[in-house]
Amino acid sequence: MAQEYKLILKHADEPGYTPDMECYLRHGGYQALKKALALPVKDLPDGKKLSGPEQIREDVKVSGLRGRGGAGFSCGLKWSFVDRKSGKPIYLICNADESEPGTFKDRQIIHKDPHQLIEGMIISCFANDVKLAYIYIRGEMPEGARILNQALKEARAKNFLGKNILGTGYDLEMHVHRGAGAYICGEETGLIESLEGKRPYPRIKPPYFPAILGLWMCPTIVNNVETLCNVKHIVTLSGAEFAKLGTPNNTGTRIVSLSGQVKRPGYYEIEVGKATLGELINDPKFGGGLREGRRLKAIIPGGSSSKVLKAGEKFKLKKKDAEGKEILVETDVLDLPYDFDSLAQAGTMSGSSAIIVMDDSVDIVGALANLSEFYAHESCGQCTPCREGSLWMNRTLQRLTHGEGRRQDADYLGKIADNIPGGRTICAFGEACSWPVQSFLAKFKDEFVAKGAADEARRAQSISGAAAGTSVAPVAPH
Amino acid sequence: MSAAATTENKPAAPAIEKIKVKVDGREIEVPRLIADWSGKLTPTTMIQACELAKTEVPHYCWHPKLPVVGNCRMCLVEFGTPALGPDRKPVLNPDGTPKIAKSPRPAISCATPVSPGMEIYTKTPAVKQMREGVLESLLINHPLDCPICDQAGECKLQEYSVDYGQSASRFVEAKVHKPKAVDLGPRIMLDAERCILCTRCIRFTRDIAGDDALGIINRGSYNTIATFPGAPFDNNYTLNTVDVCPVGALTSKDFRFQMRAWFLKETKSVCTSCATGCNILIGSREEKIYRYTPRDNDAVNASWMCDAGRLNYKWIGRADRLQDVWVRGQKSSWPAAIRELADKLKQAPAGSVAIIASARQTNEELWLLAKLKARLGALSDAIPREGESDKLLVSADRNPNTNGARLTGICFTEMGINLVKIADGIASGKIKTLIVFGENIVKRAVAHDKLRERETISEVVDEHGITAELLGKLDALIVSDILPNETTRLAHFVLPGAAPAEKRGTFTSGKGRVQKFMKAVEAPGVARAEWEFLQELVHHVTGQNNGLTVESLFNQMAREVAAFNGLTWQALGDTGVTVQI
Ligand SMILES: Cc1cc2nc3c(=O)[nH]c(=O)nc-3n(C[C@H](O)[C@H](O)[C@H](O)COP(=O)(O)O)c2cc1C
Ligand code: SF4
Ligand code: SF4
Ligand code: SF4
Ligand code: FES
């Protein structure tokens, strides 16, 4: 049976656990940092020598840690792309912009256990020869910023930060930077622009890969809050031990934000892939099932940008049989293991690990209209397909929800959405805003058509009848 | 601020390695590196490779002289690269050619570097569909007010819509409305609804003009170009944003609603407002000039010009232009005046004539004046005209042809130092005849004794002592000019000349660029290009025939003037040749 597994949130919710330094130290805090700083040079069989930082980077690779911010990209690999020969400083940025609708995990760490994040960051900085790091925190989390600033002050007082950290000769400074309230500031290059004091217009890649031309055009690492916390545990446990948590290629734990129409919404930390979607929704230890008399309709499995899943959907998942041969196993949506790879095979993603559950009381058209309003508001407006498409989709959906739909609106909407993703935009917001529309339409098209048809029928009966029998909706004057 | 590459006199660049790529199946060689907007060598991008292959890739935000931002997405293409096997060696097709792995995702050609063996596909159904998608997106909220839009006829949105768009719109929602006729600054109007948010104007203003004046406010589809509140958009380069704007969002207050672009005749010319010599196009119709726009010349002005130079054309059409030949207060004719002048000059004793020319005259004209000077043993000079320079284009020397005056021997390196001698000569009665070309000399004259005083305390010397009073002592004051002024009013002979836009000729810029310009409009009345009547006069006075056309004059001059040796009118091309100065 699936269980919670508390690695990151081990102490956070214990009664009496407070975010201050003393409490953190009482619970074994900063031991991993001390261990990391003291790593002796390691001799390899081939005569090469590995410095402490190199060993940590190696270990992060061995751990299999994948980014917790959304894309699930290998953390070790990301670090290996950093240009270490440029002679420029290397920066590290903690992405604490947590704005993906449905997601509320990073703030648990920030509010309740800030030193865990800071320790993870210091180790990550040490491992990457970083002398200056930033925590970019969402503007709407002023309390989090206050707590982090307090924690940084405490860490400086203990010489975990500052000059000559714990006598090792290593210097590191760290600052909290508050965003001004835009979802796009979570996109790493938009974040970097914002940190530089500019409008958060995401950068084109090539050439502006953060690992080469990031903050101030210097090599930069951007990692999510939870990702960076995990680095601390990798040092404590060793990469190999860490990799035993979770499932192969989907190692460690994840904090799942569960919301929507379940009895017990909240955040649950699990070993990656050791609980299924169904368990997370229905198990009394997790979501506790739907409300009485309700049936499951849809699941958004990885934050609002991920493609929706429909109740009853079946997928072919790759599994290994007894002899280790790869076979395809038909799997119900509720039996999908909650991990990176299974959800990818189901055509969606675990994204920011935020599950939004919808039961049969939900108006699908209205739900999508709600999402699309968010994206139309948050598109930075830099590149054409996303800037114009996000608002177009929203205007169409608002029209549909206001009873001015047309039968053909489902197809119309689909074509608008198809013009946005797939590398046509500067950043992944293009996918984020169009995937929900594409997937809602793919899976619930009948509801969109029915809505448009009902509106047409009602218009046909109206006495004024101007639009009777036509399929053209009343259009506001241009 | 960084002026784009403006000089040819750089040391020869090291040879750049070539790589082979294919554009729509055709193999071409392209350099691995190409100068970017700032002149720095950077990896060649797909769009540059396509340009070299003469394949058009539609684009809005990309501009060769501006930093790349990749925001319009119009230039998306598909591409493939040689497939590599597990051993990192190229995989070969059965026929031995390298196997190409097609990228699953498109790329913006303006920002993606090419690599050896890359294949770029600009004509696939997917590319076509992506272009249609971008155009549709650009058009849904566009006001489509082409009938009253100044850009119509030279609008990239119109052009690409025809070439790459769809004819029908499926958009049925309400359009986004934004401010129209926004007064951005003294010379610029913004129609925010027409703006496609390519940010060219922002980048030009920030990265080329060095003025962080423009930005974007709001989000998403509501994005709008704006200035800081209360800070008008006002630097000496604002009108370039009208040129780089691919649509009719930014319009010139001077030009808007004046003339349809397609009615304009475009004539290659050169700005005459300073020694930089920005290359321009003169837009005219029915002998009226409507606008100047910059013309690309990487050795001089890149793609830009200053606002002051651009708007300095109105005087050409002034009603009070000199249109007649006047001799001693009586209307005369060219033949009569030239004959009389020729006779007079032929008989003038050596040293009794002085010439004050203008460094706004062409090389050919100054050279003809220098011929008179030689024959008459005349003192000569020109009038310096100084202002402030800036870091981009404007030169402190506000004469367009100072170097022409120097190289033809009309003045010394330090222009204006002979003026004192000329004043003294007139005062002493030695100089009886003064020929003045294109300068209202009285304007900056200061009474002799006062000027002497000033010189001793070393003040500006572009004032001189040739006052109206002094001119009264002359037997003959021969003046050619374009507009009436104090000096023409004092003249015994008034010879109406032509504005540069009304004639052909060449100037030598501050950096030694010899550039030719063409005739856009006719001079009014009997006014004639100075070189025309000067060559007649020279012919009569010296007996030399230097030819009847600007070409032959130029070519003869090039043979005689050391600095111009080897040049020909034809070899100057459209963008000129740099000579040693
Ligand atoms: C539109 C958009 C919004 C994003 N918002 C966040 C966010 O709020 N927090 C976050 O950690 N990552 C966010 N990301 C992902 C980041 O770009 C980046 O991939 C991530 O911070 C990398 O960290 P990781 O490798 O540790 O996951 C966002 C990406 C996009 C495209
Ligand atoms: S995809 Fe959207 S959010 Fe991303 S850069 Fe383009 S307009 Fe901005
Ligand atoms: S005003 Fe013109 S140049 Fe500026 S962003 Fe808009 S379309 Fe581009
Ligand atoms: S910089 Fe000089 S040459 Fe260029 S446009 Fe201005 S005045 Fe004319
Ligand atoms: S030209 Fe605009 S994205 Fe390339």
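Sequence order as written defines residue numbering, which begins from 1 separately in each chain. Chains and ligands are labelled sequentially in the order written, the chains with letters from A and the ligands with numbers from 1. Per-residue local features of the predicted model are confined to residues with pLDDT of at least 70, and side-chain atom pairs are confined, for both listing and counting, to 80 or more; whole-chain, interface and lining totals are unaffected and use all residues. Side-chain measures were taken over the full set of non-hydrogen atoms in the model, leaving aside hydrogen atoms and water.

1. Focus on the site of ligand 3
Keep this limit in mind: Proximity is defined per residue: if any heavy atom of the residue lies within 4 Å of a molecule or strand, that residue is considered near it. Of the two site types, the cavity is a set of points on a 1 Å grid over the protein atoms alone where a 1.4 Å probe fits but cannot get out, and the pocket is an open set with protein on both sides within 12 Å along at least five of seven lines, each lined by residues with an atom within 4 Å of a point. The way we define it, a molecule is inside a pocket or cavity when more than half of its atoms are within 2 Å of that pocket's grid points.
The immediate surroundings of ligand 3 are formed by 13 residues, with C195(B), C198(B), T199(B), C201(B) and C245(B) found nearest. In this structure, ligand 3 is accommodated by the second largest cavity.

2. Some remarks on a nonpolar patch on the surface
Residues and elements named next belong to chain A. For clarity, the threshold we go by: Patch membership needs two things, relative accessible area over 30% and no salt bridge, and members are linked within 9 Å if like-charged or within 5 Å if nonpolar (Val, Leu, Ile, Met, Phe, Trp, Tyr). A 1.4 Å probe and the Shrake-Rupley method give the accessible areas. Residues count as covered only by the protein chains that appear here. Within this document, salt bridges are pairs made up of a side-chain nitrogen of Lys or Arg and a carboxyl oxygen of Asp or Glu, the two lying within 4 Å of each other. Helix and strand definitions follow DSSP, with helices as H or I runs of at least four residues and strands as E runs of at least two, each counted in order from the N terminus. For every residue, the accessible area (1.4 Å probe, protein chains only) is compared with the maximum for its type, and the residue is labelled buried under 20%, exposed over 50%, or partly exposed between those bounds.
A cluster of nonpolar side chains, contributed by F73, L77 and F81, occupies part of the molecular surface with about 280 Å² of accessible area. Structurally, F81 can be placed in the loop between α4 (75-80) and β3 (90-96). By relative accessible area, F81 is classed as partly exposed at 47%.

3. Describing the confidence of the model for chain A
For the record, the criterion: Confidence of the predictor at the level of single residues is captured by pLDDT, which takes values from 0 to 100. Two residues qualify as a contact provided that any one of their heavy atoms is within 4.5 Å of a heavy atom in the partner residue.
In this model, chain A carries an average pLDDT of 96, and 97% of its residues clear a pLDDT of 70 or more. Within the model, pLDDT remains below 50 along residues 467-471 of chain A, and this stretch shows eight contacts once partners closer than five positions in the same chain are excluded.

4. Focus: the site of ligand 2
The cut-off we apply is this: For this classification, the nonpolar set comprises Ala, Val, Leu, Ile, Met, Phe, Trp, Tyr, Cys and Pro, the charged set comprises Asp, Glu, Lys and Arg, and every other residue, Gly included, is treated as polar.
Near ligand 2 lie 13 residues; those nearest to it are C380(A), C383(A), C386(A), C427(A) and F429(A). Of the residues that constitute the shell around ligand 2, the class distribution is eight nonpolar, five polar and no charged.

5. Things to note about the domain arrangement of chain A
All names here are of chain A. What counts here: Domains are outlined according to an automatic or database domain assignment. A 1.4 Å probe defines the accessible area here, and the buried area is the portion of it lost by two parts on being joined, summed over both. Pairing of N or O atoms within 3.5 Å defines a polar contact, subject to two protein rules: one partner must be a possible hydrogen donor and the other a possible acceptor, and residues neighboring in sequence count only if both atoms are side-chain atoms.
Domain boundaries assigned for chain A yield domain 1 (21-244), domain 2 (253-359) and domain 3 (364-467). Distance from the C-alpha centre of domain 1 to the C-alpha centre of domain 2: 29 Å. With 18 residues of domain 1 at the contact, the number on the domain 2 side is 22 residues. Buried area between domain 1 and domain 2, both sides added, is near 1500 Å², and the carbon and sulfur share of it is 50%. In this structure, the connection of domain 1 to domain 2 is made through one salt bridge. The partner of D341 in a salt bridge is R66, with the nearest N and O atoms 3.0 Å apart. Linking domain 1 with domain 2 are ten residue pairs in polar contact (both at pLDDT 80 or more), by the criterion used here. Among the elements that make up the side of domain 1 that touches domain 2, the one with the highest residue count is helix α5 (residues 106-112) (three residues). Of the residues assigned to the side of domain 1 that touches domain 2, the class counts are four nonpolar, seven polar and seven charged.

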